[in-house]
Amino acid sequence: MALQNHLSTAIASSSSAFLAPSNLGSSRASNASVPAKKTGAVRCVAVPHEEKTTYKTKVSRNANMAKLQAGYLFPEIARRKATHLQKYPDAKVISLGIGDTTEPIPDVITSGMAKRSYALSTLEGYSGYGAEQGEKPLRAAIASTFYRDLGIGEEDIFVSDGAKCDISRLQVAFGSHVTMAVQDPSYPAYVDSSVIMGQTGLFQEDIGKYAKIEYMKCTPENGFFPDLSTVARTDIIFFCSPNNPTGSAATREQLKRLVKFAKDNGSIIVYDSAYALYVSDDNPRSIFEIPGAKEVALETSSFSKYAGFTGVRLGWTVVPKELLFSDGFPVAKDFSRIVCTCFNGASNIAQAGGLACLSPEGLSAMREVIGFYKENTEIIMDTFSSLGFKVYGGKNAPYVWVHFPGRSSWDVFSEILEKTHVVTTPGSGFGPGGEGFVRVSAFGHRDNILEACRRFKQLYK
Ligand SMILES: Cc1ncc(COP(=O)(O)O)c(C=O)c1O
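Just so we're clear, the structure is a prediction, and the values are computed from it rather than from any experiment.

1. Observations regarding the overall build of the chain
Assigned secondary structure in the chain consists of 15 helices and 15 strands. The burial tally for the chain puts 52% of its 461 residues in the buried class. Within the chain, contacts between residues at least 6 apart in sequence are counted, and of these 74% link residues at least 24 apart. Accessible surface, the chain: about 20,700 Å² in total, of which carbon and sulfur atoms supply 55%.

Listed below in structure tokens is the structure:
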């Protein structure tokens, strides 16, 4: 409480430019049809006490699950936030940690979902199980919106309940015998799904890596693109651009090298383009902009960060018919089989939302939401730059990657949480290459972003 008082006084007396009323967010606020959630104070639900029992089944634990480290990064952060709130119950915690969207879904999109939802109550409008691969009009709209002139057709598109779910389904399709490479640092779902599938060895504490995963180091020194001459051949290469967590987007030249590398090695690239619409320069938004990519790459993407669909759940994966396994069998056919077995298709209401997203009005509404988060990004970038930190990312992604040379990411995370009540994400949670960095997410209400930046200025002035 004392700290909280100190903080408010300090902030009130700060000469930060952010104290000036900003009109950056006002247009969005007035356009929003749904009142913004009042989430100034984020409260965590306490983890329920596990009931103690002495009874044990005779089922042995999946040994691959036992290989996983302490827990998925974000639940671990949530645990630390909950502990922090126990210590400071009155703290106004601001969460810029997990990359979850905060702004209301534009009503041109929710209207599409509402209409479909009401139609389900009519005889004519009712539909049950749909095509597992997704509804044809949506697949066609995805193909023409994101892959026009790239030789990708609706038949190559698999609509899903999100990119993360598709990453795991792809892993099931590949099986446990494949080897894989990831950018280091990278979005944790690639490594964890690989561990769960049994593609890896044990976690090696001394180097912070799993055995049998090729970690492709991405640092400011190499422009966050791996030195492929030092990367060992693997079957699968996970590659995310714009990247979570570093926020950097690969250039056309770099992606040409990646595609050539995959072709020379007979590897498959799983290209994650979940943030493609955040690209604001000439860098590619799809791997299929690179000639020859269809023979070596598939691409997964999502409406989550464009339209605030993190809760609605809708994404897609493109598996080109040209992509073949070593025996000539199409990868798409196996993926289709997995989708039919493990998934019954995305919610029809969510798919109506996806179609609304891709209407001319929906596209411009999504661009506005993305523009809003990009303004947040600029505010965060400017704050840390003005404090003398080296900051990366931001330009083409909703993440700012802040360097704290020589320090442990978790120590910096704890320092920021303890002294400013702001939740960030420790870079080392994304792989050993993230050590010494902290990721600050630009997903947040404008007031919270401004308030967090005031607190950062107070802490590091
Ligand atoms: C790189 C990347 N891929 C995939 C996802 C998950 O997307 P979805 O919500 O569609 O499952 C995220 C979410 O944060 C992400 O950062």
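2. Some points on the site of the ligand
Neighbouring residues of the ligand: 14 residues in total, closest Asp-272, Tyr-275, Ser-302, Ser-304 and Lys-305. Residue Lys-164 places a main-chain N or O atom 2.9 Å away from an oxygen atom belonging to the ligand. Within the side chain of Ser-304, an N or O atom sits 2.6 Å from an oxygen atom of the ligand. Elements supplying a minimum of two residues to the shell around the ligand: α7 (163–174) and α10 (304–307).

3. Quick look at the packing of aromatic side chains
Under the counting rule described, the total for this entry stands at 28 aromatic pairs. Summarising the aromatic geometry, the rings of Tyr-373 and Phe-443 are spaced 4.7 Å apart at their centres and angled 80 degrees between planes, so their arrangement reads as edge-to-face. Placement of Tyr-373 in helix α13 (residues 360–386) and of Phe-443 in the loop between β15 (437–441) and α15 (446–460) is noted, with a sequence separation of 70 residues between them. With a relative accessible area of 1%, Phe-443 lands in the buried category. Directly above the aromatic system of Phe-343 lies the positively charged group of Arg-169, at a separation of 4.0 Å from the ring centroid. Over the ring of Tyr-399 we find Arg-439; its NZ or CZ atom is 4.0 Å from the centre of that ring.

4. A closer look at the side chain of Ser-160
Here Ser-160 is to be found in strand β2 (residues 157–160). Overall, Ser-160 belongs to the buried group, its relative accessible area being 1%. Here the side chain of Ser-160 touches Gly-162 through a polar contact of 3.1 Å, landing on its backbone nitrogen. One polar contact links Ser-160 to Asp-166, side chain to side chain, over a distance of 2.9 Å.

5. Observations regarding unusual backbone geometry
In this chain, Asp-184 is followed by Pro-185 through a cis amide linkage whose omega measures 10 degrees. Turning to its location among the elements, Pro-185 is positioned in the loop between β3 (180–184) and α8 (188–197). In this structure, the amide linkage connecting Ser-241 to the following residue, Pro-242, adopts the cis form with an omega of -10 degrees. Along the chain, Pro-242 falls in the loop between β7 (236–240) and α9 (252–265). Notably, Lys-212 is not glycine yet its phi reads approximately 75 degrees, a positive angle. Checked against the element boundaries, Lys-212 lands in the loop between β5 (209–210) and β6 (213–217). Even without a glycine there, the phi angle at His-421 is positive, about 60 degrees. Mapped onto the elements of the fold, His-421 is located in the loop between α14 (409–420) and β13 (422–423).

6. Re the pattern of salt bridges
By the definition in use, this model includes 19 salt bridges. Ionic pairing is found between Arg-116 and Glu-135, a salt bridge with its closest N-O pair at 2.8 Å. Linking Arg-116 in helix α5 (residues 107–119) with Glu-135 in the loop between α5 and α6 (136–146), this pair joins segments that are 19 residues apart in sequence. Salt-bridge contacts for Glu-451 lead to Arg-455; the nearest nitrogen and oxygen are separated by 3.0 Å. Of this pair, Glu-451 and Arg-455 both sit in helix α15, 4 residues apart, which is roughly one turn of the helix. A relative accessible area of 2% means that Arg-455 is categorised as buried. Residues joined in a network through salt bridges with shared partners are Glu-76, Arg-79 and Arg-80.

7. Examining the sheet that holds strand β11 (residues 391–393)
Taken together, 4 strands build an open sheet; the order of strands is β11-β12-β15-β14 and the sheet is antiparallel. Each edge of the sheet is formed by a strand with only one pairing partner; in this case those strands are β11 and β14 (425–426). One ladder, built from 3 bridges, connects β11 with strand β12 (residues 399–403); its direction is antiparallel. Pairing of Gly-393 across the sheet is with Val-400, part of β12. With respect to the sheet, α13 is in contact with β11, β12 and β15, its orientation differing from that of β11 by roughly 155 degrees.

8. Quick look at the nonpolar core
Counting 85 residues, the largest nonpolar core has Ile-142, Tyr-147 and Leu-358 as its most contacted members. When residues of this core are assigned to their parent elements, the largest contribution, 6 residues, is made by α13. The residues that make up this core include at least three from each of domain 1 (71–103 + 363–460) and domain 2 (107–362). If near-sequence neighbours (up to four positions away) are discounted, Ile-142 is found in contact with Tyr-147, Ile-157, Val-159, Phe-303, Trp-316 and Leu-358. Ranked by size, the runner-up nonpolar core spans 23 residues in total, among them Ile-94, Val-402, Leu-450 and Tyr-460.

9. Some remarks on helix α4 (residues 73–87)
For α4, with 15 residues, the first-to-last C-alpha span of 21 Å sits near the 21 Å given by 1.5 Å per residue. Every buried residue of α4 is listed here: Leu-73, Phe-74, Glu-76, Ile-77, Lys-81, Ala-82, His-84 and Leu-85. On its buried face, α4 sits against β1 (94–95), α8, α14, β13, β14 and β15.

10. Here we look at α9
Because an α-helix packs 3.6 residues into every turn, residues spaced three or four apart end up facing the same way. With 14 residues, α9 ought to run about 20 Å at 1.5 Å a step, and its terminal C-alpha atoms sit 20 Å apart, in line with that. Those residues of α9 not exposed but buried are Gln-254, Leu-255, Leu-258, Val-259, Phe-261 and Ala-262. The arc enclosing the buried residues of α9, seen along the axis, measures out at 155 degrees, which places them on a common side. Residues of α9 that are exposed and point over 90 degrees away from its buried face: Lys-260 and Asp-264. The secondary structure elements touched by the buried residues of α9 are β7 and β8 (268–272). Phi turns positive, to about 65 degrees, at Gly-266, one or two residues after α9.

Conventions we followed
- Residues numbered from 1 in each chain as written.
- Predicted model: local features only at pLDDT ≥ 70, side-chain atom pairs only at ≥ 80, totals over all residues.
- Heavy atoms only, no water.
- Helix = DSSP H or I, 4+ residues; strand = E, 2+ residues; numbered from the N terminus.
- Buried < 20%, exposed > 50% of the residue type's maximum accessible area, 1.4 Å probe, protein only.
- Contact = heavy atoms within 4.5 Å.
- Areas by Shrake-Rupley, 256 points an atom, 1.4 Å probe, with all protein chains shown as cover.
- Near = heavy atom within 4 Å.
- Polar contact = N/O pair within 3.5 Å; in protein donor to acceptor, adjacent residues only side chain to side chain.
- Phe/Tyr/Trp six-rings, centres within 6.5 Å; stacked < 30°, edge-to-face > 60°.
- Lys NZ or Arg CZ within 6 Å of the ring centre and 35° of its normal.
- Salt bridge = Lys/Arg side-chain N within 4 Å of Asp/Glu carboxyl O.
- Pairing = 2+ DSSP bridges.
- Axes fitted to C-alpha atoms, helices over the stretch in contact; angles between N-to-C directions.
- Core = buried A, V, L, I, M, F, W, Y, C linked by side-chain atoms within 4.5 Å.
- Domains from an automatic or database assignment.
- Expected span 1.5 Å × (residues − 1).
- Arc of directions from axis to C-beta.

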